[in-house]
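Notes for the structure review
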Amino acid sequence: MISANIDSVREAIARAEQAAGRAPGSVTLQVAAKHQPLENLLEAAACGITTFGHNLVPQLVESTAKLAGAGVLATHTVIGPVQSNKLRTAMDHADRIDTVDSVKQAVRIARRQEARIDEGLAEGPYPVLIQVNSAGADTQSGCAPEELIDIAGRIAELGLIRIDGLMTIGAHTTNAAEIHASFALTRELSEQMRKLPGLEGAAELSMGMTHDLQIAVAEGSTLVRVGTAIFGPRPA
Ligand SMILES: *Cc1c(COP(=O)(O)O)cnc(C)c1O
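This write-up is about the structure you can find in this document. (Residues numbered from 1 in each chain as written. Predicted model: local features only at pLDDT ≥ 70, side-chain atom pairs only at ≥ 80, totals over all residues. Heavy atoms only, no water.)

Considering the side chain of Ser-63
Secondary-structure assignment places Ser-63 in helix α3 (residues 57-69). Beyond its immediate stretch of four places on either side in the chain, Ser-63 contacts Leu-41 and His-54. (Helix = DSSP H or I, 4+ residues; strand = E, 2+ residues; numbered from the N terminus. Contact = heavy atoms within 4.5 Å.)

Here is the structure:
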């Protein structure tokens, strides 16, 4: 079941890449792990999934430990909002935080990274994506699109953070034009951001979920985060 679903999602991504004239394999499939038991994540890993996104820090801690214990080599990122009292734990267990949306939060990450380097836990800057609230939704986190360039410039100057790119959820609607618009805006912001000094390589664009991954790939996504299409509907 999970294996067949992953095949279908991979085929959908491949078709979307081809339709958009993009190179095969230019989009990575990230499994959205929220609420999934370990055996489901192990099954996904057995299908060759190498990147997992976690919403909640306690689940991040538990599943990274268990997957590593089972010999799974994978990259784990945080795709949900992180409260400041959980930042330290999130950084110690995730390879990247994909939901940074303020300079204040970035300053905390930079401070903690300095301590991690002193403690021998890390070398170099901590990787992040900046989350953009591209649809201007009240219920979504992320910085306002018009603030992104300023925020990215200030975070880049902190030195101890490496901005890898942008993340967005996009318009939560069935209106394809609105979804296109929110993803297109994020891609344009990414292009603008990469003109800033030191950010030329910040090309990761995490956008697209089960219901809008084709649109996201058409608009330049490099990383789609998929849960439902792989595991079925989540328990309420
Ligand atoms: C749950 C979640 C996903 C996956 O959504 P599906 O619709 O189940 O594919 C992707 N990104 C974030 C931030 C999520 O919280």
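A short note on the site of the ligand
Around the ligand, the surrounding shell consists of Ala-32, Lys-34, Asn-55, Ile-79, Met-167, Met-209, Thr-210, Arg-225, Val-226, Gly-227, Thr-228 and Arg-234. Here an oxygen atom of the ligand and a side-chain polar atom of Lys-34 are 2.7 Å apart. Judged by the fraction of its atoms near the pocket grid, the ligand is located in the largest pocket. Here the shell around the ligand is composed, by residue class, of 5 nonpolar, 4 polar and 3 charged. (Near = heavy atom within 4 Å. Polar contact = N/O pair within 3.5 Å; in protein donor to acceptor, adjacent residues only side chain to side chain. 1 Å grid on protein atoms, 1.4 Å probe; cavity = no way out; pocket = protein on both sides within 12 Å on 5 of 7 lines; lining within 4 Å. Sits in = over half its atoms within 2 Å of the grid points. Nonpolar A, V, L, I, M, F, W, Y, C, P; charged D, E, K, R; others polar.)

Details of the packing of helix α6 (residues 148-157) against helix α7 (residues 176-193)
Where α6 contacts α7, the two axes come as close as 10 Å, and the packing angle between them is 40 degrees. By the angle class used here, α6 and α7 are oblique. Like other packed secondary-structure pairs, α6 and α7 cross with a definite hand, here right-handed. Residue-level contacts link Leu-148, Ile-149 and Ala-152 of α6 to Leu-189, Gln-192 and Met-193 of α7. Grouping the amino acids of the contact of α6 with α7 by side-chain chemistry returns 5 nonpolar, 1 polar and no charged. (Axes fitted to C-alpha atoms, helices over the stretch in contact; angles between N-to-C directions. Parallel < 35°, antiparallel > 145°, perpendicular 65-115°, else oblique. Left-handed = near helix turned anticlockwise from the far one by under 90°.)

Description of the side chain of Arg-116
Structurally, Arg-116 can be placed in helix α5 (residues 103-118). A distance of 3.0 Å separates the side chain of Arg-116 from the side chain of Gln-113, its partner in a polar contact. Sequence-distant contacts of Arg-116, defined by excluding residues within four places in its chain, comprise Met-91, Asp-92, Leu-121, Ala-122 and Tyr-126.

Quick look at the nonpolar core
Soluble globular proteins tend to bury their nonpolar side chains together. Counting 38 residues, the largest nonpolar core has Ile-97, Ile-109, Ile-155, Ile-163 and Met-193 as its most contacted members. The residues touching Ile-109, leaving out its near neighbours within four places in the chain, are Leu-87, Met-91, Ile-97, Val-100, Tyr-126, Val-128 and Ile-161. (Core = buried A, V, L, I, M, F, W, Y, C linked by side-chain atoms within 4.5 Å. Buried < 20%, exposed > 50% of the residue type's maximum accessible area, 1.4 Å probe, protein only.)

Comments concerning the pairing of strand β6 (residues 161-168)
Most of β6 sits inside the fold, with 7 of its 8 residues counted as buried. As paired strands, strand β5 (residues 126-132) and β6 are joined by 7 bridges and run parallel to one another. From the neighbouring strand, Val-128 faces β6, where its bridge partner is Ile-163. Following the backbone out of β5, through α6 and into the adjacent parallel β6, one traces a crossover that is right-handed. (Pairing = 2+ DSSP bridges. Right-handed = clockwise from strand over helix to strand, strands pointing away.)

Brief notes about the layout of surface pockets
Roughly 600 Å³ of internal volume is contained in the largest pocket. If you go around the largest pocket, you meet 27 residues; those closest to its centre are Lys-34, Ile-169, His-172, Met-209 and Arg-234. (Points joined across faces, edges and corners; volume = space filled by probe spheres on them.)

In short, the description is geometric, and any link to function would need to be established separately.
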